[in-house]
Amino acid sequence: MSSKKVFIIKIAAIVALGGFLLGFDASVISGVVKFIEPEFNLTKIQLGWAVSSITLTAALGMVISGPMSDKYGRRKILKYAAILFTISAIGSALAGTFFWLIVFRMIGGLGVGAALIIAPMYIAEVAPPEKRGQLVSFNQLNIVIGISIAFFTNYFILELGNSEAEWTKTLGFDTWNWRWMLGLEALPAILYYFGLFQIPRSPRWLMTKNKKEEALAVMKQLVSEEEAVLQINAVQKSIKEDKGKQKSKLGDLFKKSMRKVLIIGLIVGIFQQIVGINAVLFYAPMIFEQTGIGTNAAFVQAALVGLTNLGFTILAMLVIDKLGRKPLLIIGMAGIAICLFLLSYGFHDATYSLSKEAIVNLPKEINQEQIVQLQDKVFGSDLEFKTALVSTLGEEMALTYESTLITASAKMNTLLILIGIIGFVGTFAMSIGPVMWVLFSELFPNRIRGLAISFVGLINLTVAFLVQLLFPWELSILGNASTFLLFGLFAVVGFILIWFKVPETKGKSLEELEDLLIK
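### What to know about the overall build of the protein chain
And step 1. Across its full length, the protein chain carries 28 helices and 2 strands.
And step 2. Scaling as 2.2 N^0.38, a compact globule of 519 residues should have a C-alpha radius of gyration of about 24 Å, and the protein chain matches this with 24 Å.
And step 3. Overall, the protein chain is about 80 × 50 × 45 Å in size when its C-alpha atoms are taken along their principal axes.
And step 4. A burial count over the protein chain gives 58% of its 519 residues as buried.
And step 5. Across the protein chain, every contact between residues at least 6 apart in sequence was considered, and the portion connecting residues at least 24 apart equals 82%.
And step 6. The protein chain carries 45 positive and 38 negative side-chain charges, and their two centres are separated by 13 Å.

### Overview of the nonpolar core
And step 1. Core analysis: the largest hydrophobic core is formed by 167 residues, its most contacted members being L222, I336, L340, I371, L405, I421 and F484.
And step 2. Beyond its immediate chain neighbours, meaning those up to four positions away, I336 contacts V275, F424, T427, F428, S431, I432 and A491.

### Describing the packing of helix α5 (residues 74-94) against helix α10 (residues 186-195)
And step 1. Interaxial distance between α5 and α10 falls to 8 Å at its minimum, and their mutual angle equals 160°. Considering the angle they form, α5 stands roughly antiparallel to α10. For the pair α5 and α10, the crossing hand works out as left-handed. Of the residues in α10, those in contact with L78, K79, A82, I83, F85, T86, A89 and I90 of α5 are A186, A189, I190, Y192 and Y193.

### What to know about helix α23 (residues 402-409)
And step 1. Those residues of α23 not exposed but buried are E402, S403, L405, I406 and S409. In an axial view of α23, the angular spread of the buried residues amounts to 165°, which keeps them on one side of the axis.

### Section: the environment of I498
And step 1. Structurally, I498 can be placed in helix α27 (residues 480-501).
And step 2. Taking C-alpha positions, I498 is 7.3 Å from L329, a pair spaced 169 residues apart along the chain.
And step 3. If we ignore the near neighbours within four places in the chain, the residues touching I498 are I267, K326, L329, I330, M333 and I432.

### Describing the pattern of salt bridges
And step 1. By the definition in use, this model includes 10 salt bridges.
And step 2. One salt bridge connects D25 with R105, and the closest N-O pair in it is separated by 3.4 Å. Of this pair, D25 sits in helix α2 (residues 17-27) while R105 sits in helix α6 (residues 98-126), and the two are 80 residues apart along the sequence. Just as D25 is buried, R105 falls in that class too.
And step 3. In this structure, R325 and D321 form a salt bridge, with 2.9 Å as the shortest nitrogen-oxygen distance.
And step 4. By relative accessible area, R325 is classed as buried at 0%.
And step 5. One network of salt bridges, in which partners are shared, links D70, R74 and E125.

### Comments concerning the side chain of Q273
And step 1. Considering the arrangement of structural elements, one finds Q273 in helix α14 (residues 259-274).
And step 2. In terms of polar contacts, Q273 uses its side chain to reach the side chain of Q272, at 3.1 Å.
And step 3. Only 3.0 Å separates the side chain of Q273 from the side chain of N278, close enough to count as a polar contact.
And step 4. Those residues within four positions of Q273 in sequence are excluded, and the remaining contacts are N278, N460, V463, A464 and V467.

Cut-off values and rules
Residues numbered from 1 in each chain as written. Predicted model: local features only at pLDDT ≥ 70, side-chain atom pairs only at ≥ 80, totals over all residues. Heavy atoms only, no water. Helix = DSSP H or I, 4+ residues; strand = E, 2+ residues; numbered from the N terminus. Rg over C-alpha atoms; globule rule 2.2 N^0.38 Å. Buried < 20%, exposed > 50% of the residue type's maximum accessible area, 1.4 Å probe, protein only. Contact = heavy atoms within 4.5 Å. Lys, Arg positive; Asp, Glu negative; His and termini not counted. Charge placed at Lys NZ, Arg CZ, Asp CG, Glu CD. Core = buried A, V, L, I, M, F, W, Y, C linked by side-chain atoms within 4.5 Å. Axes fitted to C-alpha atoms, helices over the stretch in contact; angles between N-to-C directions. Parallel < 35°, antiparallel > 145°, perpendicular 65-115°, else oblique. Left-handed = near helix turned anticlockwise from the far one by under 90°. Arc of directions from axis to C-beta. Salt bridge = Lys/Arg side-chain N within 4 Å of Asp/Glu carboxyl O. Polar contact = N/O pair within 3.5 Å; in protein donor to acceptor, adjacent residues only side chain to side chain.

Here's what the structure looks like:
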């Protein structure tokens, strides 16, 4: 492998560490929700807010960081993001109230928003066209590695909390488990900050600031001298053609010439989230507990989801520059729809019933005289069962022991549910998960790229916020089966729109794509 290839991979790996922090920060909450719900006595909407608040400020961070990166540079904004991740991790771990937990989670969201768009943008601007899809996908790979590590560290901390070892009790792994889960992120965040000092400034950004010599010097580290000159000249030509135009502003996105790429960006951005991927990733233990397998097993299966996400993202990276973007999107959306319908069927077919033996083995805190009223009664849905629990035990007791009672009563095909979730995550990870960010980095012209990606990314995160906020409420109102059926119908609509509207972009330089797509 040539020294130039090694250098490109090195800087892509360092920049993509922002994706790791993004994935970890966003999904570590999956293990936290079970513990903060009773500790802070949260409603379902408050629980959804604990998960989704980070996405709300991520949207704000995205809006701010895109234009800021155009003005101050990609690298500098990523350094600020690393600082925000560190503050968020430490503050969330030490939060004494629900209010302060949300405040520090939202601070982390600003870092998420910046890393979400600046990292792939930077990589796209330094990567050669034939490797751009793979290298930009490296950021998505780091996101899913972060998600996977969060699942595993959550499980590991849970196990330490159950340990009889004296040192685990001294460090509070039993009583402060969720605080440890949140605080661990500070370590990679600090490493990321110092790692960013080892990467150069983006050559395309340098050209927009009339720093041709520095841009050429950076480009020569990435490609041959001859190719570096050609690429810099192409960028200079593109900038010169835009020079007479006014400074990019939001209104430029809605001009007729931008209509095609904006529609493509919105289609991919909306349907990446509206199919419910973050509901599954961020509430994985909760979903698995709904199948009746218990808390520890639910955390194990959540870790399996993380591994699936990782494996299929690697697969996408290996084939994205060979198969292309559109085939992966079409195959993936079809698989997503099938798996969501499978999940809906699995939960629809479930029944819930407490046997005499199950009631005897329940925690002593549950009033036996009350719960025995439900003995041997068969409920045809999770909604019916949960409603009966509330009316029998009272809302507070039913909420506190909901997962225990579902574990004792649920009768369903847990293997079918596991296959549905694993299949859903896998098909997402090999398609619209990484492909969306590759397309975002390719679709928009140089002069407006930061602003454009900020806008479509804002729409993407707005949808993600609503999905995460409403998911616990949807489960409590619609039930498991109807919620996943709704996500599946969205996937079908996304499949149709992608088939007819999204073009292929592989193998073309950013300047060539601008000529083709901007009319």
